[in-house]
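# Architecture and fold: a report
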Amino acid sequence: MADSSNTGYAYPTPGRLFWHRLRTHWKETIAVIRSVADWTVLLYMLIPGALLGGRLYYGLWKEPLPQWSSHMIFGVIPVFLLLWLSAGKMFLMVREADVLFIHQRVRWLRGLMLRGGIYSMIATALKAGAGFLLVLPFMVRRYGISLDAAWCWLLFTVMAGGLMVWLKHFARIRAHGWRRWLLYLPMVVLPAAAYVILSVWWIDSPSWLAAASALLAVINVLLLLVRMRTRGTIMNDIQEELVQRTKLTGLVLSSAMDKPRKIRSRPWIFRRSQRLFRSTTPVHRLAGACVKAYVRQTKQLTGYAQVMSLSAAILLTLPPGVKILVYAALHLLLAYWLYLNAAAFMKEGFVTMLPWADEVKLGAMKKAVRMLLAPYALVTSGLLLFSMLPVWAAAVVLIPLALAAVWITVTLLQLLMLRKI
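Residues numbered from 1 in each chain as written. Predicted model: local features only at pLDDT ≥ 70, side-chain atom pairs only at ≥ 80, totals over all residues. Heavy atoms only, no water.

Looking now at the overall build of the chain. Within the chain, the regular secondary structure consists of 16 helices and 0 strands. Here the chain, with 421 residues, has 39% of them falling under the buried criterion. Partitioning the contacts of the chain with sequence separation of at least 6, the portion at a separation of at least 24 is 80%. Here the chain displays about 24900 Å² of accessible surface, and carbon together with sulfur accounts for 70% of that area. (Helix = DSSP H or I, 4+ residues; strand = E, 2+ residues; numbered from the N terminus. Buried < 20%, exposed > 50% of the residue type's maximum accessible area, 1.4 Å probe, protein only. Contact = heavy atoms within 4.5 Å. Areas by Shrake-Rupley, 256 points an atom, 1.4 Å probe, with all protein chains shown as cover.)

In structure tokens, the structure reads:
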């Protein structure tokens, strides 16, 4: 590579090369997003979402806080921000071709890493600020925390988030496999636990938070200098950078195509292939096989858990009058999705090898969907009842309501829609 005085190269300095790679990174990110939805579609989603989100945020400041926040301890807030920042990543802007061209140019590599580290810290600060604004109404109105203490805690959160990003980066470039997970304990888990504990202890002491933030800022700078002087990790740096650059692309492609399933001699769930129903009629045997096929797929269980988590968040934040309608609608949506999976199972090759009657297939789908819907109904019914009724009344009504929700939802769907499947 040329020195800065040589103008014969398109990017004669590390700074010019860094900004070129940063622009390229954002162009690639925008291209991936545009491959999923056109700008017109995004505007139709973003504008109403921004208006609705702004209205809800205004309500957190001017209207009574949601009822569930009265049962929430302050420790939930730093845990939320910790999870929000856990996806933070370190971009050093190194590429595969650097092994050939600038691996031996220490000044160039250090220039890229310096700018990449600063950029990653700024990104972490912006992400922490967005999460902080979301929880600020609860801090001020629910816990009575002063704005001075809140802003000092934000600075502490930014510095702690930067420290955890650096430590996670060092663990990822130094080890692989189970050794990496062993490094995560002292380098990621323990600092995260210390952040939550110190946040709870010092939230009413802005001076302690400011002093801790200054100390963490010095540590972050030292880690940046150490990273710039670390040698012998160029291949791990390139591999880690490639993983971070292609993460969004992999997320988009994962929704378009399934990963090849691992073939195991014995499954992890229902290893002994025991019967799920006492009856041995064709309907019960086929329904049991359908349930087993569903729960043995990691992707299906992940989707089920995500739907349950989202439903819990929705039911906890809505006012009581709307909860019942949303509760019924969520059951209908999940039951319809489960029916689609059951219908796909009935079209599998090993199922169609036997001459199952249509009545047997419909009956098996009905029983399978009811069994799969039952855990979801139990959780959501508990969230609905315990947020609206006294504890003793909710405990009495919980199981009958869950059973009724499962029976009514599945029967209604099969009568109205699923004859078409």
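So, next bit.
Burial of nonpolar side chains together is a common tendency in soluble globular proteins. Membership of the largest hydrophobic core comes to 48 residues, with the highest contact counts inside it found for Met139, Trp153 and Tyr195. Put simply, the parts of the chain that give this core at least two residues each are helix H3 (76-85), helix H5 (106-142), helix H6 (147-174), helix H7 (177-202) and helix H8 (206-229). Per-element accounting of this core gives the leading share, 16 residues, to H6. Contact partners of methionine 139, with chain neighbours within four places excluded, come to Phe74, Ile77, Phe132, Gly144, Ile145, Ala150, Trp153 and Ile203. By size, the runner-up hydrophobic cluster in this structure holds 38 residues, among which are Ala287, Leu330, Tyr376 and Ala377. (Core = buried A, V, L, I, M, F, W, Y, C linked by side-chain atoms within 4.5 Å.)

Turning our attention to the layout of surface pockets. Reported here for the largest pocket is a volume of approximately 1100 Å³. The wall of the largest pocket is formed by 34 residues, among which Leu60, Pro66, Trp68, Phe138 and Thr317 lie closest to the centre. Of all the secondary-structure elements, those providing two or more residues to the lining of the largest pocket are helix H2 (39-62), H3, H5, helix H12 (298-317), helix H13 (320-346) and helix H15 (358-386). No other element matches H2, which puts 7 residues into the lining of the largest pocket. The residue makeup of the lining of the largest pocket, split by class, is 24 nonpolar, 7 polar and 3 charged. Counting contributing residues per domain, the lining of the largest pocket is built from domain 1 (14-64 + 72-255) and domain 2 (282-418), each supplying no fewer than three. (1 Å grid on protein atoms, 1.4 Å probe; cavity = no way out; pocket = protein on both sides within 12 Å on 5 of 7 lines; lining within 4 Å. Points joined across faces, edges and corners; volume = space filled by probe spheres on them. Nonpolar A, V, L, I, M, F, W, Y, C, P; charged D, E, K, R; others polar. Domains from an automatic or database assignment.)

The first and last C-alpha atoms of helix H9 (residues 234-245) sit 16 Å apart over 12 residues, in line with the 16 Å expected at 1.5 Å per residue. Of all the residues in H9, the buried ones are Ile234, Asp237, Ile238, Glu240, Glu241 and Gln244. For H9, the angular spread of the buried residues around the axis is 165°, confining them to a single face. (Expected span 1.5 Å × (residues − 1). Arc of directions from axis to C-beta.)

On the surface, Ile324, Met388, Leu389, Trp392, Val396 and Val397 cluster together to form a nonpolar patch covering roughly 600 Å² of accessible area. Considering every element that reaches the nonpolar patch, the biggest residue donor is helix H16 (residues 391-416), with 3 residues. Tracing the backbone shows valine 396 in helix H16. According to the relative accessible area criterion, valine 396 is exposed, its value standing at 57%. (Patch = residues over 30% accessible without salt bridge, like charges linked within 9 Å, V, L, I, M, F, W, Y side chains within 5 Å. Salt bridge = Lys/Arg side-chain N within 4 Å of Asp/Glu carboxyl O.)

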